[in-house]
Amino acid sequence: MKKELIHFVEWKKVPEEKVEATLADVAGWGVKNIVAHPVWFRDGRERYVEKMAKRLERFNLRATACHALWGAGNDMIQFDETMWKEMIRKHLAFLDELSAINVSTYTIHLGWSQDMDIAQSFDSVRRTVDALLPGAEKNHITLALENSAEPEAMIQILADIVAGYRSKFVGMCFDAGHANCYQNGVERTLEIMRKDIVTCHLHDNYGSFDDHNPPGGGNLDWQRLTALLDSLERLHHAETESGEWDQLSWQKFYSATC
């Protein structure tokens, strides 16, 4: 792979007393860059990202990709005005904190579900991008809107919206596992998103469930996928995103893509 492979660690499963030992282990595997995690945002209780910045430097690691806050109350589509304002406040605060570690992409979920009106949903997406873009620009971080469980027609609408901003700070995160499971396959979804993919989430499955396995735990053609990723003009880096993030998982991702 032409771009750097960044390793995802499930930090919510790592107790604080084991954080530094985990960083030492990851560095020992040959990892140079890890994904910044939403649990690093403590919403004013402490500037935990700054603490992680010092730790990363100590272990000769970087964290140039970040997964945004996600789930109920944090995703882009939000119709309740009070909750929307609170969501925007938190994302902007996190973006400010992430400048301490030179994050360049911030992957964010739409939060769409089948009971939502499509037009209203994308109005909410636009409104959220409009509100977050000044913070992204200030911190030199590109918002990366991710394909999740949306149908292909909605991915096309999303791609058109992103293209309409004509901004280097608005892009897309291509999730290969989601494309394989929820849309019409990796190649078709990637082609729709192609022009504005700035980062990608890599994991494997068999097309029937979002397993988040390392390579070999599904039916993805990793050689073909890597070639497609290498053809993307805006791609900053690639991210592993498996529930298995130990040394063997890292080696599987590295062997499959590098």
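Above this text is the structure in question.
Residues numbered from 1 in each chain as written. Predicted model: local features only at pLDDT ≥ 70, side-chain atom pairs only at ≥ 80, totals over all residues. Heavy atoms only, no water.

Undergrad: Can you help me understand the overall build of the protein in this one?
TA: Across its full length, the protein carries 9 helices and 8 strands. Relative to its length of 258 residues, the protein is compact, with a C-alpha radius of gyration of 17 Å against a globular reference of 18 Å. A principal-axis box enclosing the C-alpha atoms of the protein has dimensions of 50 × 45 × 30 Å. When each of the 258 residues of the protein is scored for burial, the buried share is 57%. Put simply, 80% of the contacts in the protein that link residues at least 6 apart link residues at least 24 apart. As displayed, the protein offers around 11,400 Å² of accessible surface, 48% of which is attributable to carbon and sulfur atoms. (Helix = DSSP H or I, 4+ residues; strand = E, 2+ residues; numbered from the N terminus. Rg over C-alpha atoms; globule rule 2.2 N^0.38 Å. Buried < 20%, exposed > 50% of the residue type's maximum accessible area, 1.4 Å probe, protein only. Contact = heavy atoms within 4.5 Å. Areas by Shrake-Rupley, 256 points an atom, 1.4 Å probe, with all protein chains shown as cover.)

Undergrad: Looking at this structure, I do not really get helix α5 (residues 152-165). What am I missing?
TA: Side chains that are three or four residues apart share a direction in an α-helix, a result of its 3.6 residues per turn. In this model, α5 (14 residues) spans 21 Å end to end at C-alpha, consistent with the 20 Å of a helix rising 1.5 Å per residue. Where α5 is concerned, the buried positions are Glu152, Met154, Ile155, Leu158, Ala159, Ile161 and Val162. Taken together, the buried residues of α5 touch α4 (118-139), β5 (142-146), β6 (170-175) and α7 (186-193). Note on α5: the residue one or two positions beyond its end, Arg166, has a positive phi of about 50°. (Expected span 1.5 Å × (residues − 1).)

Undergrad: Sorry, what's going on with the packing of aromatic side chains here?
TA: For any pair of aromatic rings, the description rests on two quantities: the centre-to-centre distance and the angle between the ring planes. Counted by the stated rule, this structure contains 5 aromatic pairs. With centroids separated by 6.2 Å and ring planes inclined at 55°, the aromatic side chains of Trp11 and Trp40 adopt a geometry described as tilted. Here Trp11, found in the loop between β1 (4-6) and α1 (19-28), pairs with Trp40, found in the loop between β2 (33-36) and α2 (48-58); they are 29 residues apart in sequence, far enough to count as distant. Among the residues examined, Trp11 registers a relative accessible area of 5% and is labelled buried. Relative to Phe253, the ring of Trp222 has its centre 6.0 Å away and its plane inclined at 85°; by these criteria the two rings are edge-to-face. One end of the pair, Trp222, is in helix α8 (residues 222-230); the other, Phe253, is in helix α9 (residues 247-257), with 31 residues separating them in the sequence. (Phe/Tyr/Trp six-rings, centres within 6.5 Å; stacked < 30°, edge-to-face > 60°.)

Undergrad: Would you mind showing me how to read the pairing of strand β7 (residues 197-202) here?
TA: The side chains of a regular strand alternate between both faces of the sheet. Most of β7 is tucked away: 6 of the 6 residues are buried. Taken together, the 4 bridges between β6 and β7 define a ladder with parallel strand orientation. The partner of Cys173 across the bridge, within β7, is Thr199. Pairing geometry for β7 and strand β8 (residues 237-240), over 4 bridges, is parallel. (Pairing = 2+ DSSP bridges.)

Undergrad: Help me understand the sheet that holds β2 in this model?
TA: Across a sheet, strands are paired by hydrogen bonds formed along the backbone, either parallel or antiparallel in direction. Taking strand neighbours across the sheet as the criterion, the 8 strands line up as β1-β8-β7-β6-β5-β4-β3-β2 in an open arrangement whose pairing is parallel. Each end of this open sheet is capped by a strand with a single partner; those strands are β1 and β2. Pairwise comparison of adjacent strand axes, ignoring direction, gives a mean angle of 30° for this sheet. Pairing geometry for β1 and β8, over 3 bridges, is parallel. (Axes fitted to C-alpha atoms, helices over the stretch in contact; angles between N-to-C directions.)

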